Amino acid sequence: QVQLVESGGGLVQAGGSLRLSCAASSGRTFSAYAMGWFRQAPGKEREFVATISWNGGRTYYVDSVKGRFTISRDNAKNTLYLQMNSLKPEDTAVYYCASRIAPAVATTIYEYDYWGQGTQVTVSS
């Protein structure tokens with residue numbers, strides 16, 4: 001069992017930055033699993049944002065955040081990050097981190113096995 005806890009959300013003006021963190025409880029397995037970030041806006045389905053392979057060697061982003069968001073991980077600290085720059089009002093959502101029992105990146109919710117509780121990001125115009 002892996003427990004994931006997100007933090008770092010908040011209210012920011014358009015053009016600002018936030019860094020989300022996701023702390024994993026299972027140290028032995030965290031470094032072997034691919035991780036991802038998803039988001040869900042009110043009234044919308046949960047959507048993929050970014051994913052990173054087990055060793056950070058491969059990353060992939062949804063087109064709408066490319067060049068603005070950066071996913072990274074520190075396996076020594078069992079922590080996943082999402083650096084978000086040049087934020088836009090349309091980035092407003094609850095952001096979730098997720099872990100999958102596999103080393104390779106993945107972009108759909110069905111490929112992930114563990115989820116955090118989410119952290120709210122609100123971008124004002």
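Asker: Tell me about the sheet that holds strand S8 (residues 79-84), and name the residues and values.
Answerer: Strands sit in the order S1-S3-S8-S7 across an open sheet of four strands; the sheet is antiparallel. At either margin of the open sheet sits one strand with a lone partner, and together these are strand S1 (4-7) and strand S7 (69-74). Within the sheet, the average angular offset between the axes of one strand and its neighbour, ignoring direction, is 15 degrees. In this sheet, strand S3 (residues 18-24) lies alongside S1 in antiparallel orientation, the contact comprising four bridges. Note that in S3 the partner of valine 5 across the bridge is alanine 23.

Asker: Outline the pairing of strand S4 (residues 34-40), listing residues and values.
Answerer: Among the seven residues of S4, six are classified as buried, and the element is accordingly described as predominantly covered. By the bridge criterion, seven bridges tie S4 to strand S9 (residues 93-100) in an arrangement that is antiparallel. Counted as the bridge partner of arginine 39 is tyrosine 95 from S9. Direction of pairing for S4 relative to strand S5 (residues 47-52): antiparallel, over a ladder of five bridges. The residue bridging tryptophan 37 from the neighbouring strand is alanine 50, located in S5. Between the antiparallel neighbours S4 and S5 lie six residues, among them glycine 43 with a positive phi of about 75 degrees.

Asker: How would you explain the side chain of threonine 79 if you had to name every residue and give the values?
Answerer: Mapped onto the elements of the fold, threonine 79 is located in strand S8. Judged by its relative accessible area of 11%, threonine 79 falls in the buried class. A polar contact of 2.8 Å, which involves the side chain of threonine 79, links it to the backbone oxygen of lysine 77. If we ignore the near neighbours within four places in the chain, the residues touching threonine 79 are Ser21, Cys22, Ala23, Phe30, Arg73 and Asp74.

Each value, and the rule that gives it
- Residues numbered from 1 in each chain as written.
- Predicted model: local features only at pLDDT ≥ 70, side-chain atom pairs only at ≥ 80, totals over all residues.
- Heavy atoms only, no water.
- Pairing = 2+ DSSP bridges.
- Helix = DSSP H or I, 4+ residues; strand = E, 2+ residues; numbered from the N terminus.
- Axes fitted to C-alpha atoms, helices over the stretch in contact; angles between N-to-C directions.
- Buried < 20%, exposed > 50% of the residue type's maximum accessible area, 1.4 Å probe, protein only.
- Polar contact = N/O pair within 3.5 Å; in protein donor to acceptor, adjacent residues only side chain to side chain.
- Contact = heavy atoms within 4.5 Å.

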